[in-house]
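# Chains, contacts and geometry: an overview
Residue strings, one per chain:
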Amino acid sequence: MDAARGNRWGHRDATAILIAYRHGLRASELVALRWDDIDFQTGKLHVRRAKGGMASVHPLGAKELRALRQLQRETAQGVHVFVSERLAPLSVAGYQRMVARAGEAAKFGFLVHSHMLRHSCGYKLANDGQDTRAIQHYLGHRSIASTVRYTALAPDRFKGFLEGLIRGA
């Protein structure tokens, strides 16, 4: 996000990365976000999933709400949250290029792509000990098989198992 802030559309780009990461959005889902998907009063984001995924409503944190309010003030009134210089909805390819450029500017030693933000969200939730079914619904997966990949590598996956077995024996 810090690297993305360095260009002339820095706030828009940093906000896009923040929202994509925190809500596990695919590129197509991010660029399709509309202002009417955001309820500033209740701090909720209506997430319409691509690929036949399950729609859901996510809570928005204070940092996200501040960033979105600022973005709303800075951009011309339109339907879409993330727009190009021509005020058209940001394209998937444009968003993907922006994330790749931010990765280069951050001096990552590997190619960064936008789907890494979605995967990072899943791994973070799993590493925090969130329930696999809850992660499934948060990411909008139809099948839990798509979600299991995140929990399989969680380092604390068996934390508390022994204590539970000892109490039960």
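Further up the page is the structure itself.
Predicted model, so just to flag it, every value in this text is computed and none were measured.

The strand order across the open sheet formed by three strands is S1-S2-S3, and the pairing between neighbours is antiparallel. Unpaired on one side and paired on the other, strand S1 (38-39) and strand S3 (56-59) mark the two borders of the sheet. Bridge analysis of strand S2 (residues 44-47) against S3 gives four bridges, and the strand direction is antiparallel. Paired with Leu45 across the bridge in S3 is His58.

The next thing to look at is the pattern of salt bridges. On inspection of all chains with the given rule, the structure shows nine salt bridges. A salt bridge links Arg22 to Glu64; the shortest N-O distance between them is 3.3 Å. In this pair, Arg22 is assigned in helix H1 (residues 10-23) and Glu64 in helix H3 (residues 62-74), connecting sequence segments 42 residues apart. With a relative accessible area of 31%, Arg22 lands in the partly exposed category. Here Glu64 falls in the buried class, since its relative accessible area comes to 3%. A salt bridge links Lys124 to Asp128; its shortest N-O distance comes to 3.0 Å. Overall, the relative accessible area of 45% leaves Asp128 in the partly exposed class.

What counts and what doesn't
Residues numbered from 1 in each chain as written. Predicted model: local features only at pLDDT ≥ 70, side-chain atom pairs only at ≥ 80, totals over all residues. Heavy atoms only, no water. Pairing = 2+ DSSP bridges. Helix = DSSP H or I, 4+ residues; strand = E, 2+ residues; numbered from the N terminus. Salt bridge = Lys/Arg side-chain N within 4 Å of Asp/Glu carboxyl O. Buried < 20%, exposed > 50% of the residue type's maximum accessible area, 1.4 Å probe, protein only.

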